[in-house]
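Structural features, examined
Letter by letter, the chains look like this.
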Amino acid sequence: MSKKRLIAGNWKMNGNLEANDALVRAVVAGMKDARCDVAVCVPAPYLAQVQMLRHGSALDLGAQDVSQQAGGAYTGEVSAAMLREFGVRYAIVGHSERRQYHGETDALVAEKARTALAHGITPIVCIGETLAEREAGRTEEVVKRQMAAVIHLNGHCISEVVVAYEPVWAIGTGKTATPEQAQQVHALLRTQLAAATAHAERVNILYGGSMNAANAASLLAQPDIDGGLIGGASLKAPDFLQIIAAASA
Ligand SMILES: O=C(CO)COP(=O)(O)O
């Protein structure tokens, strides 16, 4: 398999001009030997800043959300066309924090993914069960339902998206899924993808949820874990670079 792994940072609602400058410069300087794709998904006001800082490097730029609408009277929204103007390659869609705090449904997440693709942006579609769902033995049912919602994308193949499995109970909690727990879900997602496309092997399925410099290598050693979506550890250049190094091994 010659597919490149992807390590994507999700800064969430963190950063300021000064801190971003130092962080991106350090990441760009430290990732020269990376053999994986690397991106940072930054708050919208910082897209222009990070676009300039990454110029000439292999660091890709991502957004944390995208409107499902093409444009018009949607106060507060940011369109895919606007993101493209800033060189955005990826947009996270359906992060659990947006599902939870902004009521995003499976159907809306699918619309956002379609709009992103229509504008040449690769959606990073996030799926994952809550602790209550896991404890009730519903993990498989929940992730399959979330995946099924995005598997048919109007003229686009699901192999054009990146999938991120992020168990909600592992996000920001320091409680990582074990490599075996993550692999189990990744494998079932791969099987689900294979039923929809001949290119299931090409899809990058990322793990997210307290992935850090210490646990990245063991997670990435799993056959169906193709990279990471990194929250907290992506805000610290040395940690993020160690994860990139683990994905380049
Ligand atoms: O939500 C995440 C990435 O999108 C994971 O966040 P943490 O790495 O901070 O747990």
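The rules behind these values
- Residues numbered from 1 in each chain as written.
- Predicted model: local features only at pLDDT ≥ 70, side-chain atom pairs only at ≥ 80, totals over all residues.
- Heavy atoms only, no water.
- Near = heavy atom within 4 Å.
- Polar contact = N/O pair within 3.5 Å; in protein donor to acceptor, adjacent residues only side chain to side chain.
- Nonpolar A, V, L, I, M, F, W, Y, C, P; charged D, E, K, R; others polar.
- Helix = DSSP H or I, 4+ residues; strand = E, 2+ residues; numbered from the N terminus.
- Buried < 20%, exposed > 50% of the residue type's maximum accessible area, 1.4 Å probe, protein only.
- 1 Å grid on protein atoms, 1.4 Å probe; cavity = no way out; pocket = protein on both sides within 12 Å on 5 of 7 lines; lining within 4 Å.
- Points joined across faces, edges and corners; volume = space filled by probe spheres on them.
- UniProt positions renumbered as here; feature names shortened; annotations may be inferred.
- Contact = heavy atoms within 4.5 Å.

Near the ligand you find N10, K12, H95, E166, A170, I171, G172, G209, S210, L229, G231 and G232, and these make up its full shell. Within the backbone of G232, a nitrogen or oxygen atom sits 2.8 Å from an oxygen atom of the ligand. Split by residue class, the shell around the ligand holds three nonpolar, seven polar and two charged.

Here A217 lies in helix α9 (residues 216-220). For A217, a relative accessible area of 48% puts it in the partly exposed group. A217 sits 26 residues away from I243 along the chain, and the two C-alpha atoms are 7.5 Å apart.

A separate point is the layout of surface pockets. Roughly 500 Å³ of volume is contained in the largest pocket. Taken together, 22 residues form the lining of the largest pocket, with P43, A44, Q64, D65 and R98 sitting closest to its centre. When residues in the lining of the largest pocket are grouped by element, the largest group, three residues, is from helix α4 (residues 96-101). For the lining of the largest pocket, the per-class residue count stands at 11 nonpolar, six polar and five charged.

Before going further, it helps to spend a moment on the UniProt feature "active site" (unreviewed entry) in the chain. Within this structure's numbering, the places UniProt gives as "active site" (unreviewed entry) are H95 and E166. Spanning 72 residues, the named residues form one tight spatial group whose C-alpha atoms are at most 8.4 Å apart. Of the residues named above, H95 line the largest pocket. Looking at the secondary structure, you find H95 in the loop between β4 (88-93) and α4. Since its relative accessible area comes to 5%, H95 is described here as buried.

Moving on: the side chain of D226. Its place among the elements puts D226 in the loop between α9 and β8 (227-230). Separated by 3.2 Å, the side chains of D226 and K3 make a polar contact. Among the polar contacts made by the side chain of D226, one reaches the side chain of R190 at a distance of 2.7 Å. Residues in contact with D226, not counting those within four places in the same chain, are K3, R5, L6, R190, V203, N204, I205 and L206.

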